[in-house]
Amino acid sequence: MRARTLGRHVKEGGRNIVRNGWMTFASVSAVTVMLLVVGTFMLLIMNVNHFADTLEGDVEVRVFVERQAEAADQEQLETEITRVPGVDDVAFVPREEGLDNFIASLGDEGEYFETLREENPLNDVFVVQAEEPERTDQVAGQIDSLTHVEDVEYGSNIFNQLFAATDLVRIVGLVLITGLLFTAVFLIANTIKLTIVARKKEIQIMKFVGATNSFIRWPFFIEGLLLGILGCILPIGLLVYGYGRFYDIIGQNTGLEFFEFLPPQVVLFQTAILLLTVGAVVGVWGSLMSVRKFLRV
Amino acid sequence: MIELNDVWKTYPNGVMAMNGMSIYIQSGEFVYVVGPSGAGKSTFIKMIYREERPTRGEILVGGENLAHMKERHVPYLRRNIGVVFQDFKLLPSMNVFENIAFAMEVVEASKPEIRRRVMDVLDIVRLKNKARFQPHELSGGEQQRVSIARAIVNNPDVLICDEPTGNLDPETSWEIMHLLEEINDRGTTIIMATHNREIVNNMRKRVIAIENGRISRDEVRGRYGYES
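Just so you know, these numbers come straight off a predicted model, no measurement behind them. (Residues numbered from 1 in each chain as written. Chains lettered and ligands numbered in written order. Predicted model: local features only at pLDDT ≥ 70, side-chain atom pairs only at ≥ 80, totals over all residues. Heavy atoms only, no water.)

Colleague: Would you explain the packing of aromatic side chains in this entry?
Modeller: When we look at a pair of aromatic rings, we describe it by the centre distance and by the angle of the planes. This model, assessed by the stated rule, comprises nine aromatic pairs over all chains. For the ring pair A:Trp218 and A:Phe221, a centre distance of 6.4 Å and an interplane angle of 90 degrees mean the geometry is edge-to-face. In this pair, A:Trp218 and A:Phe221 are both assigned in helix α8 (residues 213-251), three residues apart and thus about one turn of the helix distant. Since its relative accessible area comes to 32%, A:Trp218 is described here as partly exposed. Residue class for A:Phe221 comes out partly exposed when judged on its relative accessible area of 21%. Following the ring pairs from residue to residue traces out a cluster consisting of A:Phe208, B:Tyr49 and B:Phe85. Between the NZ or CZ atom of B:Lys89 and the centre of the ring of B:Phe85, over which it lies, the distance is 5.1 Å. Positioned over the ring face of B:Phe97 is B:Arg132, at 4.9 Å from the centre of the ring. (Phe/Tyr/Trp six-rings, centres within 6.5 Å; stacked < 30°, edge-to-face > 60°. Helix = DSSP H or I, 4+ residues; strand = E, 2+ residues; numbered from the N terminus. Buried < 20%, exposed > 50% of the residue type's maximum accessible area, 1.4 Å probe, protein only. Lys NZ or Arg CZ within 6 Å of the ring centre and 35° of its normal.)

Now the structure itself:
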């Protein structure tokens, strides 16, 4: 296709958009709403994943060994733990070291516990890292059932809740986005259909004077593409502004020492690209549906 | 140039529009196609520009068999065939110049080429002074001249006219006929379906009469031959 022809198709597509006024407005709005939701969830999911990543290093299971276990039993237990599926790393912390750490952690007041050194009340501990934080729960459960294990301890609740929340965010996002996606595609398809009907005579004449099918179809693809791209302007603008503000205000003061939200320059570019792509795909998809159904060329 | 060999056409609803039609039309001829309504005139015309496919038989236009022509080659066939309709089929949203230029944009001609050629054909149909008029500002005869200009703008070898004078008064009809004759003199083959007895009997050309999907008469300088 020649550049001149492409220029013509773009001009025609643009003209159709203007001509269809209200339907253009409706379909662009649908794309806008959809992309706003897509963008918001994308930022949410990226941050939740980032949060999970940050925590990942801290996901460990503390295995308390029965005090009456012999050295041989401990060794036996260590090999058994290593064999539990999903275990990444096992470190042994003898009870003496545990007590040292405990006393050290108390600072000055720790000296009151110095006497405990005679009769150490602590257990020997294995610190186990799971390969995937999501599986900490299972790993801990399996270790708990081994002999000579007195107890296991891990941040089960927080993690389960976090992972459940992540999943919920993903599912809700996916359902919402799918619904809005189809609405947008449907509205775009309808807008294009209106154009096709309005231009029926023109299309018929184009066929008589020897226009190729692709020549006839192009303006409709361009129209869809433009509808999709128009729909992503507002969401990108709002998210860039909104997330920027949000980050300025609470991004670095989350109340959690170890966690900060992702900085805008990292996420917004990716989000904008995604929205642009989704907008364009939805637009072309919508026009493709109408062109196939209503444009018998 | 145009050749039909034992062409049959049965529409899906069972209507048999063509029953073994054979004909040969030479390059540069002017041919009237006459016959009662429903005799197969329209089907014959539509087959030449591959709007309809034959059920059986072959149709050769410029050496190509339309019966087996691939769908994607049809546009290129049509660039070589101009079509003029009874109802003009002009686009009301475009002016005269644009209506004609449209046919050249579709074949991806350049802007200067379009301008030059459109002015040329407007000269031929004597509407140069009305290039910026909208179709509704023109008389029926003028509108038909615009549609003829559009049909010949891409220099087709064949011009097909489906009742071009059907909507026009006698005087205007003659204007159109003289224009068509002029175009024919430049070497364009013209095939014209018509019910206009006066024209056929006074401007003598080859007459092909179609009845029941067959050629019932084929005369070199024929007459209309029906009670209209």
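That was the structure; now back to the text.
Colleague: Even after reading the chapter, I still don't get a negative patch on the surface, so can you show me in this structure?
Modeller: Residue and element names in this part refer to chain A. On the surface, Asp88, Asp89, Glu131, Glu132 and Glu134 cluster together to form a negatively charged patch. Within the secondary structure, Asp89 is located in strand β2 (residues 87-93). A relative accessible area of 41% means that Asp89 is categorised as partly exposed. (Patch = residues over 30% accessible without salt bridge, like charges linked within 9 Å, V, L, I, M, F, W, Y side chains within 5 Å. Areas by Shrake-Rupley, 256 points an atom, 1.4 Å probe, with all protein chains shown as cover. Salt bridge = Lys/Arg side-chain N within 4 Å of Asp/Glu carboxyl O. Lys, Arg positive; Asp, Glu negative; His and termini not counted. Charge placed at Lys NZ, Arg CZ, Asp CG, Glu CD.)

Colleague: Sorry if this is basic, but what is going on with the UniProt feature "transmembrane region" (unreviewed entry) in chain A here?
Modeller: UniProt records the feature "transmembrane region" (unreviewed entry) at residues 21-46, 171-197, 218-243 and 267-288 of chain A, using the numbering of this structure. Secondary structure content for residues 21-46 of chain A is 100% helix and 0% strand, and the end C-alpha separation is 37 Å. (UniProt positions renumbered as here; feature names shortened; annotations may be inferred.)

Colleague: Looking at this structure, I do not really get the sheet that holds strand β10 (residues 214-219) of chain B. What am I missing?
Modeller: In sheet architecture, strand pairing relies on hydrogen bonds along the backbone and comes in two forms, parallel and antiparallel. Residue and element names in this part refer to chain B. Reading across from one edge, β6-β7-β8-β3-β9-β10 is the order of the six strands in this open sheet, with mixed pairing throughout. The sheet is open, and its two borders are formed by β6 (81-85) and β10, each paired with just one other strand. When strand polarity is set aside, the average angle formed by the axes of neighbouring strands in this sheet is 20 degrees. (Pairing = 2+ DSSP bridges. Axes fitted to C-alpha atoms, helices over the stretch in contact; angles between N-to-C directions.)

Colleague: For this particular structure, what's the right way to read the pattern of salt bridges?
Modeller: What the rule picks out here adds up to 18 salt bridges over all chains. The closest approach of N and O atoms between A:Glu12 and A:Arg15, which form a salt bridge, is 3.3 Å. With A:Glu12 and A:Arg15 both in helix α1 (residues 3-19) and three residues apart, the pair spans about one turn of that helix. Here B:Arg145 ties to B:Glu175 by a salt bridge, and the two come within 3.0 Å at their closest N and O atoms. Pair noted here: B:Arg145 is in helix α5 (residues 140-152) and B:Glu175 is in helix α6 (residues 170-185), with a separation of 30 residues, a long-range link.

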